[in-house]
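Observations on chain architecture
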Amino acid sequence: MTIGLANNLLQGKRVLITGGGTGLGKSMGRRFMELGADLVICGRRAQVLEEVASEFQNQFGRPVKFVSCDVRSSEQVEAMFDTIWSSGQLDVLVNNAAGNFVAQTHRLSARAIDSVLGVCLHGGAYCTVAAGRRWIA
């Protein structure tokens, strides 16, 4: 089922999706572009981001910016937001980057749990604080 939203609903809005190169992040990015948004994606693998940016540019006729960033690193997150803000304000942040294991939870090691929390909890918090600090300023 397609929701009837205007194709230009997000025109002039800039959206960052963490983990935007694959899976749900990529699907959300496509939909944001269909609605007219300017898209920025980030993830750890630059080649994947570059391929998605090229695919979307060919499909929509508009460029997609991408930044290679490991959201588990507060320093990399701050550098990414500096890069993004250097060409204009961001309007929307989607904290989509995730770390997970296909395993029964009670069988996860402490290291596996730290890995999941590093991306999902710390990464999401680092990005939210970095964006929020800039929006408030």
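Residues numbered from 1 in each chain as written. Predicted model: local features only at pLDDT ≥ 70, side-chain atom pairs only at ≥ 80, totals over all residues. Heavy atoms only, no water.

**Some details on the packing of helix α1 (residues 23-34) against helix α2 (residues 46-60)**
Think of two packed helices as two axes; the pair is described by the angle between the axes and how far apart they sit. Relative orientation of the contacting elements α1 and α2 amounts to 30 degrees, with a least axis distance of 11 Å. Compared by their axis directions, α1 and α2 come out roughly parallel. As for how α1 packs across α2, the hand of that crossing is right-handed. Packed against α1, whose contacting residues are Lys26, Gly29, Arg30, Met33 and Glu34, the element α2 presents Val52, Glu55, Phe56, Gln59 and Phe60 at the interface. Taken together, the residues of the contact of α1 with α2 break down into four nonpolar, two polar and four charged. (Axes fitted to C-alpha atoms, helices over the stretch in contact; angles between N-to-C directions. Helix = DSSP H or I, 4+ residues; strand = E, 2+ residues; numbered from the N terminus. Parallel < 35°, antiparallel > 145°, perpendicular 65-115°, else oblique. Left-handed = near helix turned anticlockwise from the far one by under 90°. Contact = heavy atoms within 4.5 Å. Nonpolar A, V, L, I, M, F, W, Y, C, P; charged D, E, K, R; others polar.)

**Quick look at the state of the cysteines**
Using the criterion set out here, one finds zero disulfides in the structure. Take Cys69: it sits in no disulfide, and the sulfur closest to it among the cysteines is that of Cys42, at 5.2 Å. The buried category is assigned to Cys69, whose relative accessible area is 2%. Cys127 takes part in no disulfide bond, and the closest cysteine sulfur, belonging to Cys42, lies 5.9 Å away. (Disulfide = S-S within 2.5 Å. Buried < 20%, exposed > 50% of the residue type's maximum accessible area, 1.4 Å probe, protein only.)

**Notes on the environment of Asn96**
Residue placement: Asn96 occurs in the loop between β4 (92-94) and α4 (110-136). Along the backbone, Asn96 and Gly25 are 71 residues apart, and their C-alpha atoms lie at a distance of 6.1 Å.

**Observations regarding the side chain of Arg134**
As for its placement among the helices and strands, Arg134 is situated in helix α4. Given a relative accessible area of 16%, Arg134 falls into the buried group. Setting aside its immediate chain neighbours within four residues, Arg134 contacts Glu78, Phe81, Asp82 and Trp85.

In short, shape yes, function no, at least from these values alone.
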